[in-house]
Amino acid sequence: AGLPAEPWVYFVHSYAPDDTAHAVATCDYGGPVVAAVEQGNVWGCQFHPEKSAANGLAMLRNFVVACGATVAA
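Throughout what follows, the structure given in this document is the object of discussion. (Residues numbered from 1 in each chain as written. Predicted model: local features only at pLDDT ≥ 70, side-chain atom pairs only at ≥ 80, totals over all residues. Heavy atoms only, no water.)

This structure, assessed with the given rule, holds 2 aromatic pairs. Between W43 and F63 the ring centres are 5.1 Å apart and the planes differ by 70°, which places this aromatic pair in the edge-to-face class. Of the two residues, W43 sits in strand β3 (residues 42–45) while F63 sits in helix α1 (residues 53–66), which places them 20 residues apart along the sequence. (Phe/Tyr/Trp six-rings, centres within 6.5 Å; stacked < 30°, edge-to-face > 60°. Helix = DSSP H or I, 4+ residues; strand = E, 2+ residues; numbered from the N terminus.)

What follows is the structure in structure tokens.
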């Protein structure tokens, strides 16, 4: 919620997980790269939401809302 179709996010290195079965977000880095995964109640992202400006804040807000907490805008 609250993100553009292709949000810019900050990656600090070029490590690329190969777990495509649980991928919920990918990016193009000379080919598709897994950027976020989800399996049950475990979520993880390869990028740094805390360094991704407004897009990162929106993603963190979405995570908190998905966990059932209330976030002040």
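With 14 residues, α1 extends 20 Å from end C-alpha to end C-alpha; this agrees with the ideal 20 Å at 1.5 Å per step. Turning to α1, its buried residues number three or more, namely N55, G56, A58 and M59. Taken down its axis, α1 places every buried residue within 160° of arc, on the same side. Residues of α1 that are exposed and point more than 90 degrees away from the buried face comprise A53, A54 and L57. The positive-phi residue at the C-terminal boundary of α1 is G68, with phi of around 95°. (Expected span 1.5 Å × (residues − 1). Buried < 20%, exposed > 50% of the residue type's maximum accessible area, 1.4 Å probe, protein only. Arc of directions from axis to C-beta.)

A word on the nonpolar core. Soluble globular proteins tend to bury their nonpolar side chains together. In this structure, V9, A35, A36, F47 and M59 together form the largest nonpolar core, which totals 5 residues. In this structure, V9 is in contact with F47, S52 and M59, ignoring residues within four places of it in sequence. (Core = buried A, V, L, I, M, F, W, Y, C linked by side-chain atoms within 4.5 Å. Contact = heavy atoms within 4.5 Å.)

Before going further, it helps to spend a moment on the sheet that holds strand β1 (residues 23–28). The antiparallel open sheet is built from 3 strands, whose spatial order is β1-β2-β3. Taken across any chain shown, the strands that pair with only one partner, and hence form the sheet edges, are β1 and β3. Strand-to-strand, the axes of this sheet are offset by a mean angle of 20°, without reference to chain direction. As defined by bridge partners, β1 adjoins strand β2 (residues 32–39) across 5 bridges and the pair is classed as antiparallel. Paired with A25 across the strands is A36, a residue of β2. (Pairing = 2+ DSSP bridges. Axes fitted to C-alpha atoms, helices over the stretch in contact; angles between N-to-C directions.)

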